[in-house]
Amino acid sequence: MSPNKHVDNLVPSSRIGRVDALSRRELLQAVLGTSSLALTGCNRTALPQAGDYLAQDFALGHRLRDPSATVALPTDWQSVPVVIVGGGIAGLSAGWRLLRQGFRDFLVLDLEREVGGSSRSGNSGRFQFPWGAHYITTPMADNVELIELLQEMQIVERLEQDGSPIVAEQYLCREPEERLFQNGTWIEGLYPALESTEDDQRQLEEFQLSMHQWSQRRDADGKRAFTIPIARCSTAEEFLKLDQLSMAEWTRQQGWTSARLRWYIDYACRDDYGLTIDRTSAWAGIFYFAARLRSDRSESQNVITWPAGNGHIVQYLSQLLKAQLRTGQLVYRISPTKPGRAEAQSAQLQPADDHKTESPVYLTTLDGQTGVVRGIAASRVIFAGPQFVAQRVIDGMAERRALTSNFRYSSWLVANLHLSARPRASGFPICWDNILYDSKSLGYVVSTHQSGIDHGPTVITWYYPFANVEGKLSRDQLLRLEWSEWADLALTDLEQAHPDIRQLVKRIDIMRWGHAMIEPGPNFLWSDARRSAAQPLGAVHFANTDLSGIALMEEAFYHGVRAADEVLANGVRSH
Amino acid sequence: MLTRAPLSLLYLNVLVIATCGLVYELLAGTLASYVLGDSVTQFSFVIGVYLSAMGVGAWLSRYIHDHLARVFIEIELALALLGGISAPALFLAFPFVDWFAPLLLGMVFVIGVLVGLELPLLMRILQEHLEFSDLVSRVLTFDYIGALLASLLFPILFVPHLGLVRTSLAFGILNGVVGLWSTYLLRPLLSARGLDRLRLRGGIVLVLLSVALLKADQLTLLAEESVLGGSIIHSTQSPFQRIAITRKGKGFQLFLNGHLQFNSTDEYRYHEALVHPAMLGSKPPEKVLILGGGDGLAVRECLRYPSVQSITLVDLDPAMTGLSERFQPLKELNDAAFSDPRVRVVNDDAFVWIGADDTTYDVAIIDFPDPSNYSIGKLYTTRFYRLLRERLKPDALVTIQCTSPVVAPKSYWCILASMQSSGFHIRPFQATVPSFGIWGFALASPQPLGDVPPLDPSITGLRFLTDEAMRAMFELPGDIRQVATEVNRLDNQILVRYYDEEWHEPQ
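Residues numbered from 1 in each chain as written. Chains lettered and ligands numbered in written order. Predicted model: local features only at pLDDT ≥ 70, side-chain atom pairs only at ≥ 80, totals over all residues. Heavy atoms only, no water.

Novice: What is the right way to read the interface of chain B and chain A from this model?
Specialist: Many structure descriptions define interface size as the accessible area lost when the parts assemble. At the interface, 19 residues of chain B touch 17 residues of chain A. Across the interface of chain B and chain A, roughly 1500 Å² is buried in total on both sides, 51% from carbon and sulfur atoms. Of all residues in chain B, B:Tyr374, B:Leu490 and B:Asp491 give up the largest surface area on contact with chain A, accounting jointly for 38% of the area buried on that side. Linking chain B with chain A are four salt bridges. The salt bridge partner of A:Glu169 is B:Arg386, with a shortest N-O separation of 3.6 Å. Remark: the boundary between chain B and chain A carries 12 residue pairs in polar contact (both at pLDDT 80 or more). (Contact = heavy atoms within 4.5 Å. Buried area = accessible area lost by both parts, 1.4 Å probe. Salt bridge = Lys/Arg side-chain N within 4 Å of Asp/Glu carboxyl O. Polar contact = N/O pair within 3.5 Å; in protein donor to acceptor, adjacent residues only side chain to side chain.)

Novice: Before we go on, may I ask you to explain the pairing of strand S2 (residues 242-248) of chain B in this structure?
Specialist: Walk down a regular strand and you will see the side chains alternate between the two sheet faces. Residue and element names in this part refer to chain B. Burial of S2 is extensive: six of the seven residues sit out of reach of the surface. Where strand S1 (residues 231-237) and S2 come together, six bridges link them in antiparallel fashion. Considered in S2, the bridge of Ser235 is made with Ala244. Linking S1 to S2, which pair antiparallel, is a turn of four residues. Where S2 meets strand S3 (residues 251-256), six bridges bridge the pair, whose relative direction is antiparallel. Looking at S3, one finds that Ile243 is bridged to Leu256. Where S2 folds back onto S3 in an antiparallel hairpin, the turn is made up of two residues, including Gly249, whose phi is positive at roughly 60 degrees. (Buried < 20%, exposed > 50% of the residue type's maximum accessible area, 1.4 Å probe, protein only. Helix = DSSP H or I, 4+ residues; strand = E, 2+ residues; numbered from the N terminus. Pairing = 2+ DSSP bridges.)

Novice: Please clarify how the side chain of A:Thr365 should be interpreted in this entry.
Specialist: Mapped onto the secondary structure, A:Thr365 falls in strand S14 (residues 361-367). Setting aside residues no more than four positions away along its own chain, A:Thr365 makes contact with A:Leu109, A:Gln329, A:Leu330, A:Val331, A:Val372, A:Val373, A:Arg374 and A:Ile376.

Novice: Explain the pattern of salt bridges to me, please; I cannot follow it from the model alone.
Specialist: A side chain of one charge can pair with a side chain of the opposite charge when the charged atoms of the two come close. Residue and element names in this part refer to chain A. Here the structure, examined in full by the defined rule, presents 39 salt bridges over all chains. Between Arg333 and Asp395 there is a salt bridge, with its nearest N and O atoms 3.0 Å apart. Of this pair, Arg333 sits in strand S13 (residues 329-335) while Asp395 is found in the loop between helix H12 (387-393) and helix H13 (398-403), placing the two residues 62 residues apart along the sequence. For Arg333, a relative accessible area of 22% puts it in the partly exposed group. In the salt-bridge network here, residues are joined through shared partners; they are Arg24, Asp488, Glu495 and Arg502.

Novice: Is there a simple way to think about the packing of aromatic side chains in this case?
Specialist: One pair of aromatic rings is described through two measures. These are the centre distance and the angle between the planes. One pass over the full model with this rule turns up 44 aromatic pairs over all chains. Ring centres of B:Tyr11 and B:Phe142 lie 5.5 Å apart, and the angle between their planes is 0 degrees; on these two criteria the pair is classed as stacked. In this pair, B:Tyr11 is assigned in helix H1 (residues 4-36) and B:Phe142 in helix H5 (residues 132-185), connecting sequence segments 131 residues apart. For B:Tyr11, a relative accessible area of 5% puts it in the buried group. An aromatic cluster is defined as three or more aromatic residues linked by ring pairs; in this entry it consists of B:Tyr270, B:Phe429, B:Phe436, B:Trp439, B:Phe441, B:Phe474, B:Tyr499 and B:Trp503. Above the plane of the ring of A:Trp526 lies A:Arg530, whose end atom (NZ or CZ) is 5.0 Å from the centre. The cationic tip of B:Arg463 hangs over the ring face of B:Tyr268; the distance from NZ or CZ to the ring centre is 3.8 Å. (Phe/Tyr/Trp six-rings, centres within 6.5 Å; stacked < 30°, edge-to-face > 60°. Lys NZ or Arg CZ within 6 Å of the ring centre and 35° of its normal.)

Novice: Just checking my understanding: could you explain a nonpolar patch on the surface for this structure?
Specialist: There is a patch of nonpolar side chains on the surface, built from B:Ile145, B:Leu148, B:Leu149, B:Leu152, B:Leu153, B:Ile156 and B:Leu157 and spanning about 600 Å² of accessible area. Mapped onto the elements of the fold, B:Leu152 is located in helix H5. (Patch = residues over 30% accessible without salt bridge, like charges linked within 9 Å, V, L, I, M, F, W, Y side chains within 5 Å. Areas by Shrake-Rupley, 256 points an atom, 1.4 Å probe, with all protein chains shown as cover.)

Novice: I would appreciate a short explanation of the sheet that holds strand S8 (residues 361-367) of chain B in the present structure.
Specialist: As a general point, the strands of a sheet are linked pairwise by backbone hydrogen bonds and lie either parallel or antiparallel. All names here are of chain B. The mixed open sheet is built from seven strands, whose spatial order is S7-S6-S5-S8-S9-S11-S10. A strand with exactly one partner marks an edge of an open sheet, and here the two such strands are strand S7 (343-346) and strand S10 (425-433). Strand-to-strand twist in this sheet, taken as the mean axis angle between neighbours without regard to direction, amounts to 15 degrees. With five bridges joining them, S8 and strand S9 (residues 392-401) adopt parallel strand pairing. Looking at the pairing, Ile365 lines up with Thr399 of S9. Contacts from helix H15 (residues 382-390) reach strand S5 (287-292), S8 and S9 within the one sheet, and its direction differs from that of S9 by about 140 degrees. (Axes fitted to C-alpha atoms, helices over the stretch in contact; angles between N-to-C directions.)

Novice: Where do I start with the domain arrangement of chain B in this structure?
Specialist: All names here are of chain B. The domain architecture assigned to chain B consists of domain 1 (4-217), domain 2 (224-260) and domain 3 (266-504). Listed as interface residues are 12 residues of domain 2 and, on the opposing side, 14 residues of domain 3. Taken over both partners, the interface formed by domain 2 and domain 3 buries close to 1100 Å², and the fraction arising from carbon and sulfur atoms is 80%. Taken as a group, Phe240, Phe252 and Leu260 account for 40% of the area that domain 2 buries against domain 3, more than any other trio of residues on that side. Inspection of the domain 2/domain 3 interface yields zero salt bridges. Put simply, domain 2 and domain 3 have two residue pairs in polar contact (both at pLDDT 80 or more) between them. Mapped onto the side of domain 2 that touches domain 3, the elements with two or more residues apiece are S1, S2, S3 and strand S4 (259-263). With three residues, the single largest contributor to the side of domain 2 that touches domain 3 is S3. Of the residues assigned to the side of domain 2 that touches domain 3, the class counts are eight nonpolar, four polar and no charged. (Domains from an automatic or database assignment. Nonpolar A, V, L, I, M, F, W, Y, C, P; charged D, E, K, R; others polar.)

Structure representation (structure tokens):
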């Protein structure tokens, strides 16, 4: 077997712990969390013959961490009024906003060969499938900018009288939406209802009622306690104090002891945040449910999805920004002085008191393909990457290091399994989202569900958050497991529900997302640090989901638009 | 020399051989009339070929001079294998071969030749031990008793309880046991050389047939027969659905996943009602789209109109359209509709196909299975109807089957509401189809609908529709009244839930 690993260039193997000392059984126990799985008689050799083993472009990105890596000084300088660093949803949204406001004189630089960040998608020729984020929630009437984007994309067809968007039917998640594999059979929905007691049901109803009440709560100014984006949420103390405890603790305080209810809430936390219930802030836990409920309706806002997941939005935006996009470009320094001059050592970007800074910012970029170093002098920069990267790139971030020291990021693993046919299963038929009760994984979504292709080959996307890394394996060790080990883990997990999965799988592509999503743990979301980090530094503006503390497309979009508006408010001019 | 005891046992042998031979013949005749229809012709041909082949066998026996006992046993084993697999092999071959009748009669011929060889050989083996008159009387007596047993037990016991495939395999095994047993009965007449190999061959034949008998479940599905209430003459599990054709009474019936699609005795009522209201628009229809309807019966009705230039039929399952093209009874029923050069078959999911098609049609006939699952339910959504509208000329007419308005009123009116919400003008109608009961349809158009049109007098061959019957279909009786329902959308699939409630609650 020789899986085609085309990106596998992490740290030297000497730094890897003794992963190979673990037996397969221990590995399954540690990763999937169910010892009984290890006893099923499947063997390691039953893996498909092909698969890519992907990761973010560490090779290029790693040069940022390595102080000894010297990069030549740029000889070739160009002037660009605005540079957006990062081509994820935040950076692309900033570009969209600039274009929409009639400003075209800017560049979007991305480290990777493909833009999209964690909203990227794959394409097998016949099918498209997500590599990460795969849905958004229908926005409420007040999220005007996002509705504008969705109208432009013809996803929103028209608006109701109150401004609520009406989404084209083909983009709303097709029924049946979710099923759960419990006690050897599939049941409809997400709640593990089999063998639940009356008490379980009562607690579930209480919980649902409570979430509905939270969705209706407003502060004295009429601001909702929970809404998307979180910048529009009320900051009244009565709500923010929820951030001081974990969702597990808050659930206990409500007197909810049902193990099934706990599983249901824990699943929600792992699904949206990559965190277990005891590591998620109660504010974030409630936000997951309450922010998606319209106060005048009992059901959650509908899910909007595409075969490519949020890659659909990426494709639209990158097409729009074709003239501005430059991929494979490592921005390794952003500085107030032109590199090479004597004062370069001492100058630091200063926090901007007024936004009308006139002095330019100098960016040094390295072309990953050609190795060519270039310089860009920009009036304004939108840094649309995470804070831990900003610290390595931007001069003057030292003081903010303390500010962002409590920013933590969760890691994920996503496997795309190419199947020759639909797996056999008993119980409720295959859905968009298919979840396993007895697993630490999040189950899988079916890429062909939304296109109505219900027979024959398909691609399913298996999600695994490193939600509660403890015991024998660290997060870095998990990220460094072999392709064959992850392929076996994914198949063993799915085998519980689909005994025939190994015969059906033709190819497994695996993506490792190291430090991909900000973690909304207790005392982070409403800390001053998070809010201060969004403040511009000189002519550098920031846009990323870590500034929200919650990694949703809607949050990335909000920050992109906000940063673009900040830049435009400074009256940047085309050259 | 053979002793007295084996001699009487050899008569038992004759009895079994005779029974097996006749059973093979009956199997072939029954199978031919199941599958090809016209039982008089089929039985007549099979009996004729079989008897004449026996004559050929008897004549050939004169050329066998040596090792009579060994040759006799070889023939037994060959007959066991060939007769045993005859019914399953013919069933399996049926969907794939165009020369089914020659194959069947060829098999009958070979079996007949082997059976024809048996008795002459056995009589020659026994002639040294018995008077000729005694020999002839005893052997023929047991032969005719065997024939009687077979002809009585076959329709009373074997076909109803075992089905054709298992009967075939069971008698093959019996035949093989006789062959193997004969190696012991006739041991004094057999040379030791190669005896073990002969017995080994007998053992292999028995094992093969026994395995096939154990696996026969997958082929015949007795349980399925009892559910479908008729004898299964063909069944296939395609990647998409289980297709079964049964014969019961005068007609045959098509089932998809256990749901009756039509009964040949009254399908004309359903298909005339489904098709003709859409064909009688203001202009003679030229381009026709049929969605579903892989049985070709709606195509047959459309082809009555000389104005039709092309018919595009979109059906998910190539196994279904293939069957309609080749399965003789079905081909007869649809007047070989798929052989007409105007007909184009597309095997694709209509939901996926309609988004990619770029023709505009004068008429669309929607004949999908009932919305019993989400995969079919999507074909009844507003999304699908909007895509359909884009494929229609402004004055196009559409008819659609929409389950029973009596048994499942919410399902029926939900389909109509969903079409209406997608911009169709709609008019409900109903017809009685004895196999289904009162059945619901709708006529729809992007433009407002006028009065019920009269039939085209130049169209012949209609059995159900008259101008009066046509008008009557559009007069809804008092128990078919509109009920309020939600609209069926991709993101609610409410119709599948209505349908499930209405058809699964006790009637």
